[in-house]
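Chain and residue survey
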Amino acid sequence: ELPFSNLWIAKQMAMKLPENSVLHLGILNSLRSWNFFEVPTSVSAYSNVGGFGIDGGVSSLIGASWVDKKRIYFGVFGDLAFFYDMNVLGNRHVGNNVRLLLINNGAGVEFKNYNHLGALFGDEADKYIAAAGHYGNKSRNLVRHYAEDLGFEYLSAGNKDEFLQVYESFLTPAYTPKPILFEIFTDTKDESDALKLIRNISKDVKSTIVNTAKQ
């Protein structure tokens, strides 16, 4: 059982994306997390990895959503990528076929993961590497006000129970009156623990081979 994290969220959502929808993923944590799980074969998936930086992913999502108003466009982005590119949400042409999932862990979680050299610095990584504390320091109101003032429907969750209560509204195949922004608050330790768990899943390969041979 994975802790509440981008990985756990991907596990719940990936196969439930509406048929013929489009998925845009932010780089590193979001791209890696969602790549562990299958999406329906009719779903198209993309990731803007220009320069392998945080720039442009949200803009790519919004631009793509104008191409085909008959498809729903989902985007999954971490907080640093979102805040870097949030100005595009103010465009008056953003349509109701946009669904934006914001994973807000309050830092560049990549630099806090168990397998990254930045994690060796402990809490000091927040100050000098992981950019923690910026953008409202995981404020529960900052993005909500921004999104609602720009005409988005806003959803949020801070744990598994809260997520399970609202996520189906985010995934509905029906067109909603407004675009939706779903902000999910996770913890960097849970993100790291989830990655460690899923990367170290093991099974008895020898037993599997023997059982297959018997069949």
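In case you missed it, the structure is sitting above this.
In this report, the structure presented in the accompanying data block is examined. Note that the structure is a prediction, hence the values are computed from the model and not measured. (Residues numbered from 1 in each chain as written. Predicted model: local features only at pLDDT ≥ 70, side-chain atom pairs only at ≥ 80, totals over all residues. Heavy atoms only, no water.)

Mapped onto the elements of the fold, D79 is located in helix α4 (residues 79-84). Owing to a relative accessible area of 4%, D79 belongs among the buried residues under this scheme. Sequence separation between D79 and E183 is 104 residues, and the spatial gap between their C-alpha atoms is 9.3 Å. (Helix = DSSP H or I, 4+ residues; strand = E, 2+ residues; numbered from the N terminus. Buried < 20%, exposed > 50% of the residue type's maximum accessible area, 1.4 Å probe, protein only.)

Another point: the pairing of strand β1 (residues 22-25). Because side chains alternate across β1, one face comprises the buried residues V22 and H24, and the other comprises L23 and L25, equally buried. Bridge count between β1 and strand β2 (residues 44-46): three bridges; the pairing is parallel. In the strand pairing of β2, L23 is matched with A45. Since β1 and β2 lie parallel, the crossover through helix α2 (residues 29-35) that links them has a hand, and here it is right-handed. Pairing of β1 with strand β3 (residues 73-78) involves four bridges; the strand directions are parallel. Along β3, the bridge assignment pairs L23 with F74. (Pairing = 2+ DSSP bridges. Right-handed = clockwise from strand over helix to strand, strands pointing away.)

Where charged atoms of side chains with opposite charge meet at close range, the side chains can pair. Summed over the entire model, instances satisfying the criterion amount to three salt bridges. Of the charged contacts in the structure, one is a salt bridge between K160 and E1, with a shortest N-O distance of 2.8 Å. Highlighted residues: K160 in helix α7 (residues 160-171) and E1 in the segment before α1 (6-13), separated in sequence by 159 residues. Relative accessible area serves as the criterion here: at 23%, K160 is assigned to the partly exposed category. Exposure remark for E1: the relative accessible area of 73% places this residue in the exposed category. (Salt bridge = Lys/Arg side-chain N within 4 Å of Asp/Glu carboxyl O.)

This is a description of form; function is not addressed.
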